[in-house]
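# A structural walkthrough
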Amino acid sequence: MKHWRKNPSVQCLTLALSTTIFGITVGLCFPPEMIRRFHTGGSALMTMVSSVSLLLVIRIIALRSKQDSKNQIDHDLLEAFLNHIPDNVFFKDRDSRFVRISRAMADYIGLPDPKLAEGKLDSDIFSPEHAGQALADEREIIRTGQPQIGVEEKETWPDGRESWVLTNKLPLTDHCGQIIGTMGIARNITDWKLAEQRLQHMALHDALTGLPNRVLLQDRLLQAIALARRSKNSVAVLMVDLDRFKNVNDFFGHNVGDRLLVGVAARLRATLRESDILARLGGDEFVIVVPLVLADGDVETVANKVIAALCEPFQLEGHTLQIGTSVGISLFPADGADATTLLQFSDAAMYEAKKKGGGTYCFFTSELANALRRRQTLEKNLHGACSRGEFAVHYQPLISTSSGQVTGVEALLRWNHPEEGLISPIEFIPRLEDLGLMVDVGDWVLKTACLQIMSWRKKGITIPRVAVNVSAQQFYRGDLARSVEQILCETGLRPDCLELELTESLTLDDSAITIEIMQSLKGIGVSLSLDDFGTGWSSLSYLRQFPIDRLKIDKSFLRDISSDPAAARIARSILDLGNNLGLSCIGEGVETWVQREYLYEQGCEEMQGFLFSRALPPDDCGELLRSWEPWKTEDPEIPETSLPIEEVSLTRVVGPAICS
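Residues numbered from 1 in each chain as written. Predicted model: local features only at pLDDT ≥ 70, side-chain atom pairs only at ≥ 80, totals over all residues. Heavy atoms only, no water.

Moving on, we come to the overall build of the protein. Within the protein, the regular secondary structure consists of 23 helices and 23 strands. The proportion of buried residues among the 660 residues of the protein is 44%. In the protein, of all internal contacts separated by at least 6 residues, the share reaching a separation of at least 24 is 62%. Working note: accessible area of the protein is about 33,700 Å², and carbon and sulfur atoms make up 53% of it. (Helix = DSSP H or I, 4+ residues; strand = E, 2+ residues; numbered from the N terminus. Buried < 20%, exposed > 50% of the residue type's maximum accessible area, 1.4 Å probe, protein only. Contact = heavy atoms within 4.5 Å. Areas by Shrake-Rupley, 256 points an atom, 1.4 Å probe, with all protein chains shown as cover.)

Given below as structure tokens:
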């Protein structure tokens with residue numbers, strides 16, 4: 001100002017002043033006319049400048065107060081966000097040191113206050129492996145400026161605990177866009193990952209024993225084959241099937257059976273080497289894979305150890321259970337080059353071991369390969385055999401022991417193969433069961449038999465009843481009562497003219513369900529018989545509850561009555577049991593006069609067998625029935641249409657109940 005007084009020439013200039021207030025530089029400009037107004041003295045000018053400055057200060061304070069208020073709101077919002085978000089939120093500087101973390105993350109890493117994390121590194125909290133990976137990820141984000149989204153991280157803690165988080169990491173920038181660190185949001189997904197692991201374990205392991213299931217077995221067997229192929233070694237596959245396991249379920253129930261399977265799995269684990277693979281296919285079937293067979297005799301050693309281990313008694317719920325096992329063995333590459341083939345061949349060898357009485361092992365052979373191919377061919381041809389008209393129903397007469405009159409016929413399924421002719425029922429009936437075709441085929445047999453009885457009656461051939469075998473699949477999986485009722489309605493056959501034959505083993509699967517189904521059938525009006533009685537593990541308490549009309553004595557007891565006193569006593573006991581329960585009895589497989597006389601003397605009501613006639617096609621059986629004459633003496637003459645005794649052994653077919 002002094003300089004202005006001494007230099008009036010500058011009166012035409014604009015006065016410019018500047019000052020700094022609260023760190024903000026403020027510029028003040030005064031026009032010439034305002035300056036001239038105060039040219040007589042500097043005090044007025046200074047007063048003006050001071051007044052303007054004061055107004056500016058007040059304005060700046062107001063603006064700063066407003067900015068501070070906004071900053072406080074932002075600060076409060078951030079604090080609320082960090083205190084209440086359930087995820088792990090963190091901010092780090094360029095050195096990957098924590099600047100701020102959320103309350104949830106403090107709880108996650110075990111800190112009482114989020115501020116205690118400030119300045120810490122991941123290595124101060126997590127394992128070195130996890131900390132090293134986190135540092136590498138954050139340096140990459142700072143270098144490239146690119147975020148990492150949706151990354152699953154497995155975190156290992158110093159005490160060995162493991163957890164999982166789903167992490168999103170982003171570069172943290174200032175107002176100029178410069179990267180000053182990283183920030184991230186991590187959601188704890190440990191519970192979800194553990195549940196995922198449990199589901200994966202359930203998908204790949206047997207729920208009862210915890211062993212690998214078929215899916216995981218296939219994968220591990222493929223790996224073993226690949227390793228053996230590279231190292232030019234062998235792999236052995238052992239199919240292990242328990243002997244007499246069904247008896248355990250029948251006698252003691254499925255709970256004891258399940259506990260036995262768990263015990264078997266434990267013994268097998270203890271018997272095998274750590275490198276061997278043990279899996280459960282289902283039921284009482286286990287598979288052992290020996291990945292590297294290095295010397296002759298290794299596989300036999302494993303098989304013998306398995307058989308010996310499972311021969312030792314099991315103590316369960318106060319019961320001493322004695323079982324055994326049959327083992328089938330196939331080898332890579334000698335028997336097959338893939339997992340499926342090796343499993344099939346070991347299964348075929350296992351059944352061969354069972355045929356030898358169980359408690360032993362068998363290797364797969366070329367002969368078994370032929371039998372397996374035969375089985376596969378039959379299974380292929382069985383599909384559609386019924387619709388192609390290849391199945392037929394043959395009929396075998398049921399004879400009164402006392403009078404020789406025909407009391408009925410039994411309907412038996414036959415397969416007339418277009419190339420091979422008649423195939424033994426013992427070959428194809430089990431295959432129908434395995435393929436799940438018995439419900440449809442069984443219904444077809446039932447309807448065909450009912451129609452045949454009605455057809456014979458129209459021709460003047462009166463048959464009191466027809467007996468039809470019922471498979472386990474029909475009994476339990478199909479709606480048997482509904483099917484029977486519908487077929488009777490469609491064919492016009494009276495319910496009392498139909499008898500359903502149930503195998504003894506079938507009725508022991510589930511007594512409550514069995515009785516319910518039987519009562520439904522009895523409500524329709526059909527009669528029920530228990531076939532092959534004495535061959536299963538009979539429960540007299542069950543038998544007392546079953547609404548059975550007849551017992552059929554299995555032919556195995558009648559075959560040896562003349563040479564085996566024990567067989568004769570068993571047959572007599574069954575007859576006595578039937579009489580005491582009010583049930584009539586039928587003797588099956590009668591082939592000799594000795595057997596016929598024995599049944600007559602013991603008061604058995606009916607019999608059937610090759611002594612009278614084999615099962616015949618409908619037309620042949622019709623002619624036999626039309627010409628049949630009951631005997632009038634105790635030494636009857638058998639009709640000429642029946643088979644001579646000498647031919648019986650050449651034509652007899654031995655098989656399951658449906659094909660007797």
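Following the structure, the description resumes.
Okay, the pattern of salt bridges next. What the rule picks out here adds up to 31 salt bridges. Lys 552 is paired through a salt bridge with Glu 410; the nearest N and O atoms lie 3.2 Å apart. In this pair, Lys 552 is assigned in strand E21 (residues 550-553) and Glu 410 in strand E16 (residues 406-417), connecting sequence segments 142 residues apart. Residue classification places Lys 552 among the buried positions, given a relative accessible area of 0%. Residue class for Glu 410 comes out buried when judged on its relative accessible area of 0%. Note that Glu 499 is salt-bridged to Arg 465, the shortest N-O span being 2.8 Å. Of this pair, Glu 499 sits in strand E19 (residues 498-503) while Arg 465 sits in the loop between helix H14 (438-458) and strand E18 (466-470), placing them 34 residues apart in sequence. (Salt bridge = Lys/Arg side-chain N within 4 Å of Asp/Glu carboxyl O.)

Evaluated as defined, the whole model comprises seven aromatic pairs. With centroids separated by 5.7 Å and ring planes inclined at 75 degrees, the aromatic side chains of Trp 415 and Phe 428 adopt a geometry described as edge-to-face. Note that Trp 415 is positioned in strand E16 and Phe 428 in helix H13 (residues 425-435), a separation of 13 residues in sequence. Phe 428 shares its class with Trp 415; the two are buried. The lysine or arginine in question, Arg 267, covers the ring of Phe 314, its NZ or CZ lying 3.6 Å from the ring centre. Between Arg 596 and the ring centre of Tyr 600, over which it is positioned, the NZ or CZ distance is 5.1 Å. (Phe/Tyr/Trp six-rings, centres within 6.5 Å; stacked < 30°, edge-to-face > 60°. Lys NZ or Arg CZ within 6 Å of the ring centre and 35° of its normal.)

This paragraph deals with unusual backbone geometry. Leaving glycine out, the prevailing phi sign among residues is negative, and the prevailing peptide bond configuration is trans. The omega torsion of the bond from Phe 332 to Pro 333 falls at 0 degrees, within 30 degrees of zero and hence cis. Tracing the sequence through the fold places Pro 333 in the loop between strand E13 (324-332) and helix H11 (339-355). A positive phi angle, close to 65 degrees, is found at Ser 96, a residue other than glycine. In this structure, Ser 96 sits in the loop between strand E3 (88-93) and strand E4 (98-101). Here Glu 317, not a glycine, exhibits a phi torsion of approximately 50 degrees, which is positive. Turning to its location among the elements, Glu 317 is positioned in the loop between strand E11 (314-316) and strand E12 (319-321). By relative accessible area, which is 47% here, Glu 317 ends up partly exposed.

Let us look at a nonpolar patch on the surface. Among the surface-exposed residues, Leu 227, Leu 292 and Leu 294 lie close enough to one another that they form a single nonpolar patch of about 270 Å² accessible area. When you line up the elements, Leu 292 lands in strand E10 (residues 285-293). (Patch = residues over 30% accessible without salt bridge, like charges linked within 9 Å, V, L, I, M, F, W, Y side chains within 5 Å.)

What follows concerns the nonpolar core. Among the nonpolar cores identified, the biggest contains 76 residues, and Val 484, Leu 498 and Leu 521 are the most heavily contacted of them. Residue contributions to this core peak at eight residues, all from H14. Beyond its immediate sequence surroundings of up to four residues, Leu 521 is in contact with Phe 475, Leu 480, Ala 481, Val 484, Leu 500, Val 526 and Leu 528. Counting residues in hydrophobic clusters, the runner-up holds 31 residues, among them Leu 211, Val 302, Ala 303 and Ile 323. (Core = buried A, V, L, I, M, F, W, Y, C linked by side-chain atoms within 4.5 Å.)

Spatially, the five strands line up as an open sheet ordered E4-E3-E7-E6-E5, and their pairing is antiparallel. The open sheet has two free edges, formed respectively by E4 and strand E5 (148-156), since each of these has just one partner strand. The sheet shows a mean angle of 30 degrees between the axes of neighbouring strands, taken without regard to direction. Pairing of E5 with strand E6 (residues 162-173), which is carried by seven bridges, proceeds in the antiparallel orientation. Considered in E6, the bridge of Gln 148 is made with Lys 169. Along the sheet face, helix H6 (residues 190-204) touches E5, E6 and strand E7 (179-188) and points at about 135 degrees away from the line of E6. (Pairing = 2+ DSSP bridges. Axes fitted to C-alpha atoms, helices over the stretch in contact; angles between N-to-C directions.)

Moving on, we come to the packing of helix H9 (residues 254-271) against helix H10 (residues 298-311). It is at 10 Å that the axes of H9 and H10 come closest, and there the two elements cross at 140 degrees. One finds that H9 runs oblique with respect to H10. As H9 runs across H10, the sense of the crossing is right-handed. Here Val 264, Arg 267, Leu 268 and Thr 271 of H9 lie close against H10, whose contacting residues are Lys 305, Val 306, Ala 309 and Leu 310. A breakdown of the residues in the contact of H9 with H10 according to their chemical character gives five nonpolar, one polar and two charged. (Parallel < 35°, antiparallel > 145°, perpendicular 65-115°, else oblique. Left-handed = near helix turned anticlockwise from the far one by under 90°. Nonpolar A, V, L, I, M, F, W, Y, C, P; charged D, E, K, R; others polar.)

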